[in-house]
Each structure stands twice: as C-alpha cells, then as structure tokens.
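Tertiary structure, described
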Amino acid sequence: QVQLVESGGGLVQAGGSLRLSCAASGRTFSNYHWGWFRQAPGKEREFVARISWSDGNTYYADSVKGRFTCSRLNDRNTVYLQMNSLKPEDTAVYYCAVAPMIFRNPTSRSSYDYWGQGTQVTVSS
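Predicted model, so just to flag it, every value in this text is computed and none were measured.

Reading guide: rules and limits
- Residues numbered from 1 in each chain as written.
- Predicted model: local features only at pLDDT ≥ 70, side-chain atom pairs only at ≥ 80, totals over all residues.
- Heavy atoms only, no water.
- Pairing = 2+ DSSP bridges.
- Helix = DSSP H or I, 4+ residues; strand = E, 2+ residues; numbered from the N terminus.
- Axes fitted to C-alpha atoms, helices over the stretch in contact; angles between N-to-C directions.
- Disulfide = S-S within 2.5 Å.
- Buried < 20%, exposed > 50% of the residue type's maximum accessible area, 1.4 Å probe, protein only.
- Contact = heavy atoms within 4.5 Å.
- Polar contact = N/O pair within 3.5 Å; in protein donor to acceptor, adjacent residues only side chain to side chain.

**Some points on the sheet that holds strand β1 (residues 3-7)**
Taken in spatial order, the 4 strands of this open sheet run β1-β3-β8-β7, and their pairing is antiparallel. Sheet topology places β1 and β7 (68-73) at the edges, where each strand pairs with a single neighbour. Neighbouring strand axes in the sheet, compared pairwise and without regard to direction, differ in orientation by 15° on average. Pairing geometry for β1 and strand β3 (residues 18-25), over 5 bridges, is antiparallel. Following the sheet pairing, Leu-4 is matched in β3 by Ala-24.

What follows is the structure in structure tokens.
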C-alpha cells in the first residue's frame, strides 16, 4: 500500500520556523516531483513548493519564496519543507503529494497522483 505521511506541524509564533517531513512507503518515487500544498480554512488548496527527486530542482510559490526551502533525503525516500520567517497567513493544513515527471513544472493539484493526510501548521501573531 502506497502511503505519504507528513509530520512536523505544530504551533509557532510569527517569525519562527518549522520543518515538515514527508515520508513515502510502499514504493519509491525517484522519477517524480514531490510537491507541497496547503489549505487554509475556507480557502482552496494552493501550491506551495515542489522538488524534483531526480535532480533536486525546486520551484516555489511567490508567497513563500525566500522563506521556505525544499530538500530531499534520497536513502530515506523523504522530502522536507523548511519554513522560516513564518507569518500568520501561513496557517493551514500542509499536504505533500507526488506528480510524475511527464509534467515539467506541476503546480496544479490535478497533476499529483498520491497525497498525504496533511499536517496542521498554526502561526500565532
């Protein structure tokens, strides 16, 4: 059974940092993009960032560029989202997902095949 499991969410004050993890089990996703999305209450799920497993290429939404960083740990089939300088507007449930490499730069939810269950990030002001 294929699973993506996020962890690392929590409550942090504005200006603080968190590191989210996404671990895959059941198969490897070496020819995939790994993406991060978030969904705040009453809002659509939005793209945050992605990393290509094969070459480590990353891409970020403008709202998080310069503050968030994606990385991967090859031998553990795990990706990370380091979130610094957090703002209250970053509060959301964060999801990881994977998209096949046939998509050049997937930012749409429809490009992603497998999803994790999400982890809550709350940033207090």
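So, next bit.
**A word on the state of the cysteines**
By the definition in use, this model includes 1 disulfide. Shown here is the disulfide that connects Cys-22 with Cys-96, its sulfur atoms set 2.0 Å apart. One disulfide, between Cys-22 and Cys-96, carries an S-S torsion of 55° and so falls in the right-handed class. You can see Cys-22 sitting in strand β3 and its partner Cys-96 sitting in strand β9 (residues 92-100), a full 74 residues away along the chain. The thiol of Cys-70 is not disulfide-bonded; the next cysteine sulfur, from Cys-22, is found 10 Å away.

**Things to note about the environment of His-33**
Assignment of secondary structure puts His-33 in strand β4 (residues 32-39). In this structure His-33 comes out as buried when scored by relative accessible area, which is 2%. In this structure, the C-alpha to C-alpha distance between His-33 and Asn-74, residues 41 residues apart in sequence, is 13 Å. For His-33, the residues in contact, after removing those within four places along its chain, are Arg-50, Ile-51, Ser-52, Ala-97, Val-98, Ala-99, Pro-100, Met-101, Phe-103, Arg-104, Pro-106 and Tyr-112. Polar contacts involving the side chain of His-33 include one to the side chain of Ser-52, which spans 2.8 Å. Reaching out from His-33, the side chain makes a polar contact with the backbone oxygen of Phe-103 at a distance of 2.6 Å.

Structural measurements only, silent on function.
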